[in-house]
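# Examining the three-dimensional arrangement
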Amino acid sequence: MISESMKVRLHALIDQDYIRERNTLIRFAEKRANKEFGRQRPKGKDIKAKTEYAANWNRVYHAELERLWRERACR
């Protein structure tokens, strides 16, 4: 269990500005991943197709989020 004083110290280490700025990019990264792989995962019982969809969607999402962040940070 984390004590209240530890929570306060940990919270102080978190860069809230970074979080807010990075969160503004989420919708753009989602849009890109949805464009590449669709908004809905495959229906049915095909676990392999669902896993593949999730892996591909997440790869594109995170790559786009990182690209957008680097582009913004380089300005």
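A short tour of the structure in this document, coming up.

The rules we used
- Residues numbered from 1 in each chain as written.
- Predicted model: local features only at pLDDT ≥ 70, side-chain atom pairs only at ≥ 80, totals over all residues.
- Heavy atoms only, no water.
- Phe/Tyr/Trp six-rings, centres within 6.5 Å; stacked < 30°, edge-to-face > 60°.
- Helix = DSSP H or I, 4+ residues; strand = E, 2+ residues; numbered from the N terminus.
- Buried < 20%, exposed > 50% of the residue type's maximum accessible area, 1.4 Å probe, protein only.
- Axes fitted to C-alpha atoms, helices over the stretch in contact; angles between N-to-C directions.
- Parallel < 35°, antiparallel > 145°, perpendicular 65-115°, else oblique.
- Left-handed = near helix turned anticlockwise from the far one by under 90°.
- Contact = heavy atoms within 4.5 Å.
- Nonpolar A, V, L, I, M, F, W, Y, C, P; charged D, E, K, R; others polar.
- Core = buried A, V, L, I, M, F, W, Y, C linked by side-chain atoms within 4.5 Å.
- Salt bridge = Lys/Arg side-chain N within 4 Å of Asp/Glu carboxyl O.

Enumeration over the complete set of coordinates arrives at 2 aromatic pairs. Centroid distance Tyr18 to Trp69: 5.0 Å. Interplanar angle 85 degrees. Geometry classified as edge-to-face. Placement of the pair is Tyr18 in helix H2 (residues 16-23) and Trp69 in helix H4 (residues 47-73), with a sequence separation of 51 residues. For Tyr18, a relative accessible area of 35% translates into the label partly exposed. Between Trp57 and Tyr61, the aromatic rings sit 5.2 Å apart at their centres with planes inclined by 10 degrees, giving stacked as the arrangement. A residue pair is termed a helical-turn pair when its members lie 3 or 4 positions apart in one helix, as Trp57 and Tyr61 do in helix H4 at 4 residues. Taken as a pair, Trp57 and Tyr61 share a single burial class, namely buried.

Turning to the packing of H2 against H4, a few remarks are in order. Between two packed helices, what matters for the description is the angle formed by their axes and the separation of those axes. Relative to each other, H2 and H4 sit at 120 degrees, their axes nearing to 10 Å. Overall, the two elements H2 and H4 adopt an arrangement that is oblique. Considering only the axes of H2 and H4, their crossing is right-handed. From H2, Tyr18, Glu21 and Arg22 reach across to H4, where they touch Leu65, Glu66, Trp69 and Arg72. Counted by class, the contact of H2 with H4 contains 3 nonpolar, no polar and 4 charged residues.

Once that is clear, we can look at the nonpolar core. Counting residues in each nonpolar core, the largest one holds 10 residues, listed as Leu25, Ala29, Ala33, Tyr53, Trp57, Val60, Tyr61, Leu65, Leu68 and Trp69. Within the residue set of this core, elements represented by two or more residues are helix H3 (26-37) and H4. Here the element with the most residues in this core is H4; it accounts for 7 residues. Discounting chain neighbours no more than four positions away, the residues touching Tyr61 are Ile26, Ala29, Glu30 and Ala33.

In the structure shown here, the tally under the stated rule is 8 salt bridges. We note a salt bridge from Arg32 to Glu64, for which the minimum N-O separation is 3.3 Å. Pair noted here: Arg32 is in helix H3 and Glu64 is in helix H4, with a separation of 32 residues, a long-range link. Since its relative accessible area comes to 9%, Glu64 is described here as buried. Where Arg67 meets Glu64, a salt bridge forms, and the shortest distance between an N and an O atom there is 2.8 Å. With a gap of 3 residues between them, Arg67 and Glu64 both fall in helix H4, about one helical turn apart. Among the residues examined, Arg67 registers a relative accessible area of 39% and is labelled partly exposed. Connected through shared salt-bridge partners, Arg32, Glu36, Glu64, Arg67 and Glu71 make up one network.

Fair warning: the whole summary comes from geometry, so function is off the table for now.
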